[in-house]
Amino acid sequence: MEARAHTFGDLLQRRNSAPDVPEDVIDHFNDPNWDYSSETATLSSYDEEKRPQSSWSDRSFHSSDLDSSRFATPVGPSKLDLREAPAVNLNDDSPYAEVRAAVPNYDDPLIPVNTFRVWFLGITISVILSGLNHFFTSRWPSVVISALIAQLVALPAGKLLEYILPKTRFNTFGFVWSLNPGPFSVKEHTVITIMANAVYTDTYATTIFTAQRYFYGQNPGVGYQLLLTISSQMIGYSWAGLARNLLVWPSSMIWPSALVSCALLNTLNRNWGKVETKHMSREKFFLLVAIGSTLYYFIPGFLFTGLSVFSWVCWIAPQNQTVNTLFGYNTGLGLGFLTFDWSMISWLGSPLVSPWWTEVNVFLAFVVVYWIIAPIMYFNNALFTAYFPISSAGAFDNTGAPYNISAVITPEGLFDAEKYKAYSPLYMSVTLMLAYGTQFAVITAIIVHTFLWYRHDIMRQFRRSLRDEQDIHARLMAAYPEVPSWWYATLFVIAFVFGIIAIEIFPSTQFPVWAYIFALSIGFVLLIPIGLIRAITNQLPATNVLAEFIAGYVLPNRPIGAMVFKTYGFVPVYQTLFFLNDLKIGHYQKIPPRAMFMAQVVASTLACFVTVGVQEWQFANIEDFCSPTQKDGFVCNDINTFATAGIIWGGIGPNRLFSPGQMYNWVLYFFLIGAILPIPFYILARRYPLSFWRYVNIPVCFAGLAQLPPATGINYSSWAMVGAIFQWFMRRNHFRWWLRFNYILSAGLDIGVSVGAVIVFFALQYRNNGGTGPQLNWWGNNVWLNTFDAMGMPRIIATEPFGPTEWS
């Protein structure tokens, strides 16, 4: 019998030839049209005429962390299963299968919630989380400690306090309390998690202050920074008081991302303390991964940084411009998949978290837009793009040099049209042009996609929300006093006044009070429609580009004013939605509303002080902070993008760049592209409901490209590759391992990199400023720096000004 050579794929499959879950579950685990709530659902029973439905259970436990995003459109199925339970069950449980699967239908109002453990752990985690995340925001490659990590760490920390704190009871003015009132409960865990949710995303207003310092030569005072930051963060919280009766209390407002958090909270607490006999415990696995990740980071983070920027093709031909354009990881397209730095892989968010179908959508969109369209435009010198690096978050002048913002503004920070005429038009790199285009497309794609897939659900849920839907959870919450409306009103008045004081005491913002009110009005008008979409579909339409667009017309020649307008135009809306999502978590977990309110407000207020303080320290103590040549990677790529947007929209303005006849007018056609593209894929998905067309989600495709630039191809390709390993192969063939350890592995890697980066910077790199730390000046740390990619070498070097000879 002839021997047969086994391939690598054969060996992988031989380890477990039978999948850990049935084939029908595998085939449809991420199927937006598959109904998991039906016990008899099979291929043969699928009714094509029946409206496609699905359960929330095909979501990642961490989908509420996207982040974000970090992404403007959170991932999720293209359809929700919003069918109601039989009427006989309405008195005992939620009418929605998603809620019944994730949330218990009982409560014990005597469980302590407002405890010392909650405030000690909540405040500690909030300070550390907000401080570290802000510290690394300006670094490349960056790392974000997600709220999931806080959720995982809070439980053992709470159990530790339960063990070590004294159980002595104190009587203070008739109020009996204790440092240790009993077992650490899921309710305490929930409040701590909510405090972490409120602070893990960076305070947006701090980007304004960095831009003012570095690009406009201003020195904003700490008082102004705190007032503006607190104002922009807290106004959104105050709006939640008006929206809660429509978007939180009705059972029809299910908030899928809140269900994810509740499912994880209940699972962690239910399984705590169970003895593992057949496999390693989750706690031990998390600890080993976190320690290993911390120790390993010393290699790509300090000893051999070339492993992080592993553009080995560029090392072979460091002065070949074409090679560096295609394969460079800094200013090139990043063609390749190899990097040995988790912070590079997880730049877009952990690939072990996003569902596989989402990662495929984003990566295929990236390939089409940035690996196909972008090089075609670049190598044909479309719109003079060959005079710049192919990928850059900054703007350029007509000599190919970075655009000198100070050359077109007055000492007061206003745009000067005469200086602009004497200097140069503004030019953008290929990737920056396409980035604006794709984010324009997101706005219309979200609207069309939501209308096509969710119009009936939204109208039905909206009509139901107008009725008094007292499901079991609403009735159980009646045991707790609600937050008075005047609390929210007081918070709004304080935050609103803080905003007026901030813009009045620092007039260089050139942001009048009427514009402040107008920006808030835009967000307030959009709040309920966007909130309905978010609560029902988990989609979150992006409004930041819309705010920039409007700012360019209402505040012409005021770049700083446009940045402030953008902040107040969309941050309060997002803060409201985050607050409402957490309120829904508290609703499901039966947390007293007043404890929820205080926890969120206190955590967010502390985060404002922490982030402003961290930024002040960075400018005072980090050499060349925000400089493109900063040796430790604190180059402020995001701030560069933000400041460029300020001069594009608020300085030069959309009239000079995007109006008919102007150089970048074609970018506005992406609004039309975004509106059209969802239609054919919707038709195909309805016509062939079990085909791959059901996975195509155009808003996710475009929203996933929001990080480009400063992200490059390696951040997307490595993210998708690792996602394929864990979210497709491991999930399909080793489901039990995936279910037990996948998210723990992600959290361990994230926190390990974060801790390792802090240790490397403060123990090694920061000491170098004083000349006492080790200097590792060797090939492994210099090879990637000595390439055209790292230098940002253009394809064509300008010997004289190019482009139009006249502009206005």
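Residues numbered from 1 in each chain as written. Predicted model: local features only at pLDDT ≥ 70, side-chain atom pairs only at ≥ 80, totals over all residues. Heavy atoms only, no water.

K.L.:
Would you take a moment to explain the overall build of the protein for this structure?
P.N.:
A tally of helices and strands in the protein yields 31 helices and four strands. For the protein, with 808 residues in total, the buried portion stands at 60%. A sequence separation of at least 24 residues applies to 80% of the contacts in the protein between residues at least 6 apart. As displayed, the protein has an accessible area near 31600 Å², and 65% of this comes from carbon and sulfur atoms. (Helix = DSSP H or I, 4+ residues; strand = E, 2+ residues; numbered from the N terminus. Buried < 20%, exposed > 50% of the residue type's maximum accessible area, 1.4 Å probe, protein only. Contact = heavy atoms within 4.5 Å. Areas by Shrake-Rupley, 256 points an atom, 1.4 Å probe, with all protein chains shown as cover.)

K.L.:
Sorry if this is basic, but what is going on with the pattern of salt bridges here?
P.N.:
Proximity of charged atoms lets side chains of opposite charge pair with each other. The tally for this structure, following the rule as stated, stands at seven salt bridges. Among the salt bridges present, the one from Asp107 reaches Lys187, with a minimum N-O distance of 2.7 Å. Of this pair, Asp107 sits in the loop between helix 3 (97–102) and helix 4 (116–137) while Lys187 sits in helix 6 (residues 186–199); the two residues are 80 residues apart in sequence, bridging distant segments of the chain. Lys187 sits in the buried class, given a relative accessible area of 3%. (Salt bridge = Lys/Arg side-chain N within 4 Å of Asp/Glu carboxyl O.)

K.L.:
What's the story with the pairing of strand 1 (residues 169–172) in this structure? I'm lost.
P.N.:
Along a regular strand, successive side chains alternate from one face of the sheet to the other. Looking at chain direction, strand 1 and strand 2 (residues 175–178) are connected through four bridges and run antiparallel. From the neighbouring strand, Arg169 faces strand 2, where its bridge partner is Ser178. In this antiparallel pair of consecutive strands, strand 1 and strand 2, the connection spans two residues, and Phe173 shows a positive phi of 55°. (Pairing = 2+ DSSP bridges.)

K.L.:
Looking at this structure, I do not really get helix 23 (residues 637–652). What am I missing?
P.N.:
Residues separated by three or four positions in an α-helix point in the same direction, a consequence of the helix having 3.6 residues per turn. Over its 16 residues, helix 23 extends 21 Å from the first C-alpha to the last, a length consistent with the 22 Å expected when each residue adds 1.5 Å. Buried residues dominate helix 23, accounting for twelve of its 16 residues. Following helix 23 by one or two positions, Gly653 adopts a phi angle in the positive range, close to 90°. (Expected span 1.5 Å × (residues − 1).)

K.L.:
Hey, could you run me through the packing of aromatic side chains in this one?
P.N.:
Aromatic ring pairs are reported here in terms of the distance separating the ring centres and the angle at which the planes meet. Overall, the coordinates contain 69 aromatic pairs when judged by the stated rule. A centroid spacing of 4.7 Å and a plane angle of 70° characterise the contact between Tyr516 and Tyr568, whose relative ring orientation is edge-to-face. Of this pair, Tyr516 sits in helix 19 (residues 513–537) while Tyr568 sits in helix 21 (residues 559–589); the two residues are 52 residues apart in sequence, bridging distant segments of the chain. For the pair Tyr516 and Tyr568, a shared accessibility class is recorded, and that class is buried. (Phe/Tyr/Trp six-rings, centres within 6.5 Å; stacked < 30°, edge-to-face > 60°.)

K.L.:
For this particular structure, what's the right way to read the packing of helix 8 (residues 222–247) against helix 22 (residues 593–621)?
P.N.:
The relative placement of two packed helices is expressed as an angle between their axes plus a distance between the axes. Viewed as axis vectors pointing N to C, helix 8 and helix 22 meet at an angle of 150°, and their least axial separation amounts to 10 Å. Classed by the angle they form, the pair helix 8 and helix 22 counts as roughly antiparallel. Where helix 8 crosses over helix 22, the handedness of that crossing is right-handed. Residue-level contacts link Val222, Gln225, Leu226, Thr229, Ile230, Gln233, Met234 and Tyr237 of helix 8 to Gln600, Val601, Ser604, Thr605, Cys608, Phe609, Val612, Gln615 and Glu616 of helix 22. Residues belonging to the contact of helix 8 with helix 22 are distributed by class as follows: nine nonpolar, seven polar and one charged. (Axes fitted to C-alpha atoms, helices over the stretch in contact; angles between N-to-C directions. Parallel < 35°, antiparallel > 145°, perpendicular 65-115°, else oblique. Left-handed = near helix turned anticlockwise from the far one by under 90°. Nonpolar A, V, L, I, M, F, W, Y, C, P; charged D, E, K, R; others polar.)

K.L.:
Looking at this structure, I do not really get the environment of Pro389. What am I missing?
P.N.:
In this fold, Pro389 is placed in the loop between helix 14 (356–379) and strand 3 (395–396). Taking the C-alpha atoms as reference, Pro389 lies 9.5 Å from Thr431; in sequence the two are 42 residues apart. Residues within four places of Pro389 in sequence aside, it is in contact with Thr331, Tyr378, Phe396, Ser429, Gly792 and Pro794.

K.L.:
I would appreciate a short explanation of the state of the cysteines in the present structure.
P.N.:
Among covalent bonds in proteins, the disulfide is the one between the sulfur atoms of two cysteines. Under the definition given, this model contains one disulfide. Sulfur-sulfur distance for the disulfide between Cys626 and Cys636 comes to 1.9 Å. Taking the sign of the torsion about the S-S bond as the criterion, the disulfide between Cys626 and Cys636, at about -75°, is left-handed. With Cys626 in the loop between helix 22 and helix 23 and Cys636 in the loop between helix 22 and helix 23, this pair connects stretches of sequence that are ten residues apart. (Disulfide = S-S within 2.5 Å.)

K.L.:
Can you walk me through the packing of helix 8 against helix 21 in this structure?
P.N.:
The contact between helix 8 and helix 21 brings their axes to 7 Å, and the two run at 50°. When the interaxial angle is binned, helix 8 and helix 21 end up oblique. Helix-helix and strand crossings are classified by hand; for helix 8 and helix 21 the assignment is right-handed. In contact with Leu228, Ser231, Ser232, Gln233, Ile235, Gly236, Tyr237, Trp239, Ala240, Ala243, Arg244 and Leu247 of helix 8, helix 21 contributes Thr567, Tyr568, Val571, Pro572, Val573, Gln575, Thr576, Phe579 and Leu580. When its residues are assigned to classes, the contact of helix 8 with helix 21 shows 13 nonpolar, seven polar and one charged.

K.L.:
Where do I start with a nonpolar patch on the surface in this structure?
P.N.:
A cluster of nonpolar side chains, namely Tyr296, Ile299, Leu303, Trp312, Ile316, Leu338, Phe340, Leu776, Trp778 and Trp779, defines an oily patch on the protein surface of about 970 Å² accessible area. Mapped onto the nonpolar patch, the elements with two or more residues apiece are helix 10 (282–303) and helix 11 (312–316). Tracing the backbone through its elements, the reader meets Trp312 in helix 11. With a relative accessible area of 43%, Trp312 lands in the partly exposed category. (Patch = residues over 30% accessible without salt bridge, like charges linked within 9 Å, V, L, I, M, F, W, Y side chains within 5 Å.)

K.L.:
Would you take a moment to explain unusual backbone geometry for this structure?
P.N.:
The bulk of non-glycine residues show a negative phi, and the bulk of peptide bonds are trans. Pro709 connects to Pro710 through a cis peptide bond whose omega is 20°. Checked against the element boundaries, Pro710 lands in the loop between helix 27 (698–703) and helix 28 (713–733). With a phi close to 55°, Asp624 is a non-glycine residue in the positive phi region. Considering the arrangement of structural elements, one finds Asp624 in the loop between helix 22 and helix 23.

K.L.:
Before we go on, may I ask you to explain the confidence of the model for the protein in this structure?
P.N.:
Scored by pLDDT, the protein comes out at a mean of 81, with 85% of its residues at no less than 70. Contacts from residues 1–89, a stretch scored under 50 in pLDDT, to residues over four places away or in other chains number 213 contacts. Long-range and interchain partners of residues 768–773, a stretch whose pLDDT sits below 50, account for ten contacts in this model, where long-range means more than four residues apart. (pLDDT = per-residue confidence, 0-100.)

K.L.:
Please clarify how the side chain of Gln439 should be interpreted in this entry.
P.N.:
Assignment of secondary structure puts Gln439 in helix 16 (residues 430–465). Judged by relative accessible area, Gln439 falls into the buried class, the value being 11%. Not counting chain neighbours up to four residues away, the residues in contact with Gln439 comprise Val545, Phe702, Leu705 and Ala706.

K.L.:
Teacher, can you tell me more about the nonpolar core here?
P.N.:
For soluble globular proteins, the rule of thumb is that nonpolar side chains tend to be buried together. Core analysis: the biggest nonpolar cluster contains 221 residues, and Met428, Phe511, Tyr568, Leu580 and Ile648 have the highest contact counts within it. The residues contacting Met428, other than those within four sequence positions of it, are Thr385, Phe388, Met433, Tyr436, Ile648, Phe658 and Tyr664. Ranked by size, the runner-up nonpolar core spans six residues in total, among them Val448, Leu452, Tyr454 and Tyr682. (Core = buried A, V, L, I, M, F, W, Y, C linked by side-chain atoms within 4.5 Å.)

K.L.:
Quick question: what am I supposed to make of the side chain of Glu548 here?
P.N.:
Along the chain, the position of Glu548 falls in helix 20 (residues 544–554). Here Glu548 falls in the buried class, since its relative accessible area comes to 6%. Engagement of the side chain of Glu548 in a polar contact is seen with the side chain of Trp649, the distance being 3.4 Å. Residue contacts for Glu548: discarding those within four places in its chain leaves Tyr436, Lys566, Ala645 and Trp649. (Polar contact = N/O pair within 3.5 Å; in protein donor to acceptor, adjacent residues only side chain to side chain.)

K.L.:
Could you clarify how one ought to interpret the environment of Leu434 in this entry?
P.N.:
Along the chain, Leu434 turns up in helix 16. On the accessibility criterion, Leu434 (2% relative accessible area) is buried. Measuring from C-alpha to C-alpha, the distance between Leu434 and Ile373 comes to 9.1 Å, with 61 residues separating the pair along the chain. Ignoring any residue separated from it by four or fewer positions in sequence, one finds Leu434 in contact with Val369, Tyr370, Ile373, Ala374, Met377, Trp666 and Phe670.

K.L.:
Would you take a moment to explain the environment of Met598 for this structure?
P.N.:
Tracing the sequence through the fold places Met598 in helix 22. A relative accessible area of 36% means that Met598 is categorised as partly exposed.

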